[in-house]
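What follows is each chain in one-letter form.
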Amino acid sequence: MNEKATKTLKFAKTGESVRVLKVAGEGALRQRILDMGLTKGAEVTVRKVAPLGDPLEITVRGYELSLRKREAACIVVE
């Protein structure tokens, strides 16, 4: 796999727009992320990152959402 395909949402910068490639992980956490609209192909924009880096505020499918770093690390983006 190339470097671009292995970037996760956790490392996206403020103001950056990315597209979801896949949601890694399993069980309840993965299902929760999918239920929030973070599915393959969804466009995500990082709006803010808290001073200590956790949580991130993103825009997805027209609404704002806050994610912990742990959750963002499960979302592979390009």
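For the structure itself, look to the data block above.
These lines cover the structure that appears in this document, whether it is placed above or below. (Residues numbered from 1 in each chain as written. Predicted model: local features only at pLDDT ≥ 70, side-chain atom pairs only at ≥ 80, totals over all residues. Heavy atoms only, no water.)

**Quick notes on the sheet that holds strand E5 (residues 75–77)**
Here comes step 1: With antiparallel pairing, the five strands of this open sheet are ordered in space as E4-E3-E2-E1-E5. Of all the strands in the sheet, the pair left with one neighbour each is strand E4 (63–67) and E5. Averaged over all neighbouring strand pairs, the angle between strand axes comes to 45 degrees, with direction disregarded.
Here comes step 2: Sheet analysis places strand E1 (residues 17–23) next to E5, joined by three bridges and oriented antiparallel. (Pairing = 2+ DSSP bridges. Helix = DSSP H or I, 4+ residues; strand = E, 2+ residues; numbered from the N terminus. Axes fitted to C-alpha atoms, helices over the stretch in contact; angles between N-to-C directions.)

**Section: unusual backbone geometry**
Here comes step 1: Located in the positive-phi region is Arg 61, a residue other than glycine, with phi close to 50 degrees.
Here comes step 2: With respect to the helices, strands and loops of the structure, Arg 61 is situated in the loop between strand E3 (56–60) and E4.

**Examining the side chain of Glu 71**
Here comes step 1: Examined against the element boundaries, Glu 71 turns out to sit in helix H2 (residues 69–72).
Here comes step 2: Exposure remark for Glu 71: the relative accessible area of 2% places this residue in the buried category.
Here comes step 3: At a separation of 2.9 Å, a polar atom in the side chain of Glu 71 contacts the main-chain amide nitrogen of Arg 68.
Here comes step 4: For Glu 71, the contacting residues outside a window of four places in its chain are Leu 29, Arg 32, Ile 33 and Ser 66. (Buried < 20%, exposed > 50% of the residue type's maximum accessible area, 1.4 Å probe, protein only. Polar contact = N/O pair within 3.5 Å; in protein donor to acceptor, adjacent residues only side chain to side chain. Contact = heavy atoms within 4.5 Å.)

**Thoughts on the nonpolar core**
Here comes step 1: Residues Leu 9, Leu 38, Val 44, Ile 58, Leu 67 and Ile 75 are the most contacted members of the largest nonpolar core, which totals 20 residues.
Here comes step 2: Listing elements by their share of this core, those giving two or more residues are E1, strand E2 (43–49), E3, E4 and E5.
Here comes step 3: Those residues within four positions of Ile 58 in sequence are excluded, and the remaining contacts are Leu 9, Leu 38, Val 44, Thr 45, Val 46, Arg 47, Tyr 63, Glu 64, Leu 65 and Leu 67. (Core = buried A, V, L, I, M, F, W, Y, C linked by side-chain atoms within 4.5 Å.)

**Notes on the pattern of salt bridges**
Here comes step 1: Here the structure, examined in full by the defined rule, presents six salt bridges.
Here comes step 2: With a shortest N-O distance of 2.5 Å, Lys 7 and Glu 16 are connected by a salt bridge.
Here comes step 3: Exposure remark for Lys 7: the relative accessible area of 25% places this residue in the partly exposed category.
Here comes step 4: The closest approach of N and O atoms between Arg 19 and Glu 43, which form a salt bridge, is 3.1 Å. Residue Arg 19 is located in strand E1, and its partner Glu 43 is located in strand E2; the two are separated by 24 residues in the primary sequence.
Here comes step 5: Taken together, the shared-partner salt bridges connect Arg 32, Arg 68 and Glu 71 into one network. (Salt bridge = Lys/Arg side-chain N within 4 Å of Asp/Glu carboxyl O.)

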